[in-house]
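Observations on the model geometry
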Amino acid sequence: MGRGPPVVRVLRALRAAPLPLALVAMVTLTGVVLGRVYAGGLLTRLVVGAAVGSVLVSVAARRLPSWLVAPLSVAGLAGFTAWSLRVSADAAGLPGSLVEVAADAARNGIPRLLTAMIPVEPTPDTVLVPLVAAWLAGLAGAEVALRAGRVLLGYLPPALLYAGAVYVVGPNADPAVWPTVAFAAVAALGLAVPSGRTGPSAPDPTAGLAPGVRAAVRVRLAATAAAGLVVVVGLAAVVGPVVAGRVDGRPVDPRRYVEPPQVESLDENPLIRISGWALNPQQKLLDVATERPDAPAGAAGPAGAPEPARSPAGPPGDAGETAGGRSVRIRLAVLSDYDGVTWRVGATYRNAGRILPAAQPAPGATVETVRQEITVADLSGRLLPAVATPREVGGARVAYDPLTGTLIRPEGLTPGLRYTVTSAVERPDNNLLATADVPAGEEVARVLRVADGVPDPVRRLAAQLAEDNGAPYARAASIEQFLAEHYRVVADAPSGHAYPNLNFFLFGPRNGGGQRGTSEQFAAAFAVLGRLSGLPTRVVVGFSSRGDGPVRAADAFAWPEVLFSGLGWVAFDPLPRPDDEPRPVEEDFRPAPEDPPPSEVPEPTVEPTEAPPPQAGPVRPAESGGLATPVLVGGGAGGLLLVVGAVLVALAGLRRARSRARLSRGDPGRRIAGAWREVTDALRLAGRPVGGDLAATEVAERARAALADARATRTDIGGSRDARSAPADSREVPPGLAELAGLLNQLAFAPGAVADEQADRAASLAGEYVAALRAARPWWRRLLWSVHPGPLRWRP
């Protein structure tokens, strides 16, 4: 009834099809443009589905009221989006329920899309925004163009969507010339083909007017149309050349305005964590299970196989450190930036999918595939351990820095986190190392930079080691050999790799704590000496794994790497072998003294001469009036005593205020550090200062020895009377110094974990020790103890 026969309905449908098809094609071309920076074609297929679904809903509901179309389309959008998120999550191998996946994608969709690594893997968080935008553009375009009949206005949402896709792609793909031409052609086709809309035609606006008025209206309409055409042509003439001139220009990358995932301050310099891990060697950080499908048969062996001697053919790689190739180096961080004080990561991480970008191996290099399943135990931070160089990651969302080949988990590591990593371990051809050169120029300026302030002995040592070694590899090998032969590895060495720390490590007296350190000092010293010799170097922090089983804090260490042209980064091992006794540094290198020695020429002696006989001076008459001389002398002496007394009182007050401020003001960490300063100041007052290079445990041991020596000296001088008069408990060395040193170490490695009770305990321990040390001094030194100005000016 009124619809006509089926053939007519089919013809009407065919006449109405071009415009909806044009809208679908325009939205689809947006997916084509955006899909060029995505891995695979999943995103393009999902955008096609969103385009077809949104336009079909509007076409199917064209006879319904307009207010009902939006709820129906939103319901269709919700269903299609849920299905798309599930498909993309399964394709990426992401765990979690649909609700968890959808919530995470909705919360982080936009930032992850703009910080993802190119090519972007189609995961739920990187497909959600394009899908929703494509559906809404199709819905808006179909409603305006089909229902309201405003075709040009209906083209606006797909056009804006297309422009947004081009902007998001930016310079990360070739110019989208053919998709843009196709977009314009489809839009023109939709305008040229009749839409087949039925219904009463629009009334003639001039109907019912007088012939003269009708003619004037028509002329005015024609003039308006002509003016509009002139404006369009003029804009095309003005804007066209500007647009054409920017066709070959590099577009702006929107990713430059979005901050990529960052590491925590704890991860910015993980090198300082080496000494803390060395003091707690049994702490379990990871559980590792390793598969090496490319390893030869019989390579697996007992986990405790001994390490081989240093091979003269070349440095060790990231795998094959032990006999049979069973040990694997797991990287945690790569530190390329050094300012003379701290080595820093300085990497730029981009959100990545399961498949990471692959790089071409160096010519002649051996590449071995290593698969590991890693379970996090007590390791904290965001840095994600993996064997270099990772190629595929499953079970965790990661961000990746391709320059260093390291990973982070933006959400941070949590105990029980389990993930799998497939890595391509590359070992260079050792036969090429001897003749390999090192790169130079702006590309490697970052890893060649030597900060100002290098100590002169360190610079002279680098020059000496490079003097007889012209080839880059020979220079690197000489630095490696020198460090391995002259220094000792200890677990309790204090942390630090600034220039003063390295200078003390290299040239400090062996009986005073010098010439020994952890792998932190060995790797940092190698890297600095290498850069002074013209070698591009960096420091790597990681773990040594036997393949399967736990990775403990004792397995953490640092090693240096050198960049060779055509071979890439090559690891070196400057650590000495456990059974080797280091040779004194002075046998092969003697740094110049800081101050010139005093002249050995004897100073001329002056012979005493006989004093001349006294001569009588002129007699002056006594002056009348004024104060007598005794009065002047007494007044001056009294005034001087008052000044001295005021100064002593002021010094005592300032000393007491300084101690009170250290022990009772500030946060718990500051109060613990203040308590430690009280102990070190007391040692300086007692004539037993300690250097800043000593560990807290060593300082505590020296403090015990200082108190014991002071008491023994006082007993020898004062006889048994002083010993008998001292209380029995005061003759014992206070046992709390080890506890105070432990609190200081806890503050250094876990600043936020100290409490007010621990700070109060530290203040009490420091007070007990200072009082005991002061009581052990002679009586006149005890009087001067409280007014000594030294603690007011001594620096930490």
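Residues numbered from 1 in each chain as written. Predicted model: local features only at pLDDT ≥ 70, side-chain atom pairs only at ≥ 80, totals over all residues. Heavy atoms only, no water.

Structural notes on the overall build of the chain
The condition is simple: Every helix listed is a DSSP run of H or I at least four residues long, and every strand listed is a run of E at least two residues long, numbered separately from the N terminus. For each residue, the accessible area found with a 1.4 Å probe, counting protein chains only, is set against the maximum for its type, and the residue is called buried under 20%, exposed over 50%, and partly exposed in between. The contact criterion used is simple: two residues touch if any of their non-hydrogen atoms lie within 4.5 Å. Working definition of accessibility: Shrake-Rupley area with a 1.4 Å probe, residue cover restricted to the visible protein chains.
Scanning the chain from N- to C-terminus turns up 25 helices and 18 strands. For the chain, with 796 residues in total, the buried portion stands at 41%. Put simply, 78% of the contacts in the chain that link residues at least 6 apart link residues at least 24 apart. Total accessible area on the chain is roughly 41,800 Å²; 61% of this is exposed by carbon and sulfur atoms.

A word on the nonpolar core
As a reminder of what qualifies: Nine residue types can take part in a nonpolar core, namely buried Ala, Val, Leu, Ile, Met, Phe, Trp, Tyr and Cys, and a core is a set of them joined through side-chain atoms within 4.5 Å.
Membership of the largest hydrophobic core comes to 83 residues, with the highest contact counts inside it found for Trp277, Leu286, Trp343, Leu379, Leu506, Phe543 and Phe564. At eight residues, the largest contribution of residues to this core is made by helix 17 (residues 519-532). For leucine 379, the contacting residues outside a window of four places in its chain are Arg273, Trp277, Leu285, Leu286, Leu332, Pro385, Leu413 and Phe543. Met26, Val27, Ala116 and Val151 belong to the second-largest nonpolar core, a separate cluster that totals 44 residues.

Considerations on helix 14 (residues 456-467)
Rule in force here: An expected span of 1.5 Å times one less than the residue number is assigned to each helix. In this description, one arc is meant: the one made by directions from the helix axis to the C-beta atoms.
Its twelve residues give helix 14 an end-to-end C-alpha distance of 16 Å, which sits within 8% of 16 Å, the value for a rise of 1.5 Å per residue. When helix 14 is considered as a whole, its buried residues turn out to be Pro457, Val458, Leu461, Ala462 and Leu465. Each buried residue of helix 14 lies within a common arc of 140 degrees when the element is viewed along its axis, so the set occupies one face. Against helix 15 (472-486), helix 16 (499-507) and helix 17 lie the buried residues of helix 14.

Some remarks on the packing of aromatic side chains
Each aromatic ring pair is summarised here by two numbers: the centre-to-centre distance and the angle between the ring planes. This is how the line gets drawn: Geometry of aromatic contacts follows a simple scheme: Phe, Tyr and Trp rings, the Trp one being its six-membered ring, pair when their centres are within 6.5 Å, and the pair is stacked under 30 degrees between planes, edge-to-face over 60, tilted otherwise. Criterion for a charge above a ring: Lys NZ or Arg CZ within 6 Å of the ring centre, and within 35 degrees of the ring normal.
The tally for this structure, following the rule as stated, stands at 14 aromatic pairs. Between phenylalanine 557 and tryptophan 559 the ring centres are 4.9 Å apart and the planes differ by 35 degrees, which places this aromatic pair in the tilted class. Assigned by exposure class, phenylalanine 557 and tryptophan 559 land together as buried. Clustering of aromatic rings is evident, with ring pairs tying together Tyr473, Phe526, Phe564 and Phe572. Directly above the ring of tryptophan 559 sits arginine 329, whose terminal nitrogen or CZ lies 4.6 Å from the centroid. Over the ring of tryptophan 569 we find arginine 538; its NZ or CZ atom is 4.0 Å from the centre of that ring.

Points about a nonpolar patch on the surface
The criterion, for reference: To count toward a patch, a residue needs a relative accessible area above 30% and no salt bridge. Like charges then connect within 9 Å, nonpolar side chains (Val, Leu, Ile, Met, Phe, Trp, Tyr) within 5 Å. Throughout this description, the term salt bridge denotes a Lys or Arg side-chain nitrogen within 4 Å of a carboxyl oxygen of Asp or Glu.
Nonpolar side chains collect at one region of the surface, where Val231, Leu235, Val238 and Val239 lie side by side and expose about 360 Å² of accessible area between them. By the secondary structure assignment, valine 239 is in helix 10 (residues 211-245).

Some words on the side chain of glutamine 521
Spelled out, the test is: Any N or O atom pair separated by 3.5 Å or less is treated as a polar contact, with the protein-specific requirement of one donor-capable and one acceptor-capable atom, and with residues adjacent in sequence counted only for side-chain atom pairs.
With respect to the helices, strands and loops of the structure, glutamine 521 is situated in helix 17. According to the relative accessible area criterion, glutamine 521 is buried, its value standing at 4%. Reaching out from glutamine 521, the side chain makes a polar contact with the backbone oxygen of proline 494 at a distance of 3.3 Å. Within polar-contact distance, the side chain of glutamine 521 engages the backbone oxygen of glycine 496 at 2.8 Å.

A word on the sheet that holds strand 8 (residues 386-387)
Using the following cut-off: Think of it this way: DSSP has to see at least two bridges between two strands before they count as a pair. Each axis is a line fitted through C-alpha atoms, and for a helix only the stretch in contact is used; angles between axes span 0 to 180 degrees, taken between their N-to-C directions.
Strand order in the open sheet formed by five strands is 8-2-15-17-18, with antiparallel pairing between adjacent strands. What marks the edges here is a single partner per strand, and that holds for strand 8 and strand 18 (568-571). Here seven bridges tie strand 2 (residues 328-335) to strand 15 (residues 537-545), and the two strands are oriented antiparallel to one another. Counted as the bridge partner of arginine 331 is glycine 542 from strand 15. Across the sheet, helix 17 is in contact with strand 15 and strand 17 (556-564); its angle to strand 17 comes to roughly 15 degrees.

Observations regarding helix 4 (residues 66-92)
With 27 residues, helix 4 should reach 39 Å at 1.5 Å per residue; the first-to-last C-alpha distance of 39 Å fits that figure. Buried within helix 4 are the following residues: Val69, Ser73, Leu77, Phe80, Thr81, Ser84, Leu85, Ser88, Ala89 and Ala92. Summarising the contacts, the buried residues of helix 4 are in contact with helix 3 (42-60), helix 5 (98-115) and helix 6 (124-147). The first or second residue beyond helix 4 is glycine 93, which carries a positive phi of 70 degrees.

Quick look at the pairing of strand 6 (residues 366-376)
Pairing of strand 1 (residues 284-291) with strand 6, which is carried by six bridges, proceeds in the antiparallel orientation. Looking at strand 6, one finds that leucine 286 is bridged to valine 376. One ladder, built from ten bridges, connects strand 6 with strand 12 (residues 418-427); its direction is antiparallel. Opposite threonine 366, over in strand 12, you have arginine 427 as the bridge partner.

A look at the packing of helix 19 (residues 668-685) against helix 23 (residues 756-775)
Quick reminder of the rule: Should an angle fall under 35 degrees it is taken as roughly parallel, and over 145 as roughly antiparallel, whereas 65 to 115 is taken as roughly perpendicular and any remaining angle as oblique. For this classification, the nonpolar set comprises Ala, Val, Leu, Ile, Met, Phe, Trp, Tyr, Cys and Pro, the charged set comprises Asp, Glu, Lys and Arg, and every other residue, Gly included, is treated as polar.
Interhelical geometry of helix 19 versus helix 23 gives an angle of 10 degrees and a closest axis separation of 8 Å. With respect to each other, helix 19 and helix 23 are oriented roughly parallel. From helix 19, Pro668, Arg671, Ile672, Ala675, Glu678, Val679, Ala682 and Leu683 reach across to helix 23, where they touch Asp756, Gln758, Ala759, Asp760, Ala762, Ala763, Ala766, Tyr769, Val770 and Leu773. Class assignment of the residues belonging to the contact of helix 19 with helix 23 gives a composition of 13 nonpolar, one polar and four charged.

What to know about the packing of helix 3 against helix 4
Basically, it comes down to this: For a crossing to be left-handed, the near helix must be turned anticlockwise from the far one by less than a right angle; the clockwise case is right-handed.
At a minimum axis separation of 10 Å, helix 3 and helix 4 run at an interaxial angle of 165 degrees. With respect to each other, helix 3 and helix 4 are oriented roughly antiparallel. Of the two elements, helix 3 crosses helix 4, and the hand of that crossing is right-handed. Residue-level contacts link Leu42, Leu46, Gly49, Ala50, Val57 and Ser58 of helix 3 to Val69, Leu72, Ser73, Phe80, Trp83, Ser84, Val87, Ser88 and Ala91 of helix 4.

Here we look at the confidence of the model for the chain
For any part of a model where pLDDT is low, the fine detail of the predicted coordinates should not be relied upon. The criterion, for reference: Confidence scores per residue from the predictor, reported as pLDDT, run from 0 to 100.
On average, the chain scores 80 in pLDDT, and the residues at 70 or more come to 81%. Averaged pLDDT values for the elements of the chain fall to 42 in helix 21 (residues 720-725) and rise to 96 in helix 17. Scored below 50 in pLDDT, residues 594-626 shows one contact in the model against residues more than four places distant or in partner chains. Low pLDDT (under 50) marks residues 719-733, which in the prediction has twelve contacts with non-local residues, meaning those over four places away or in another chain.

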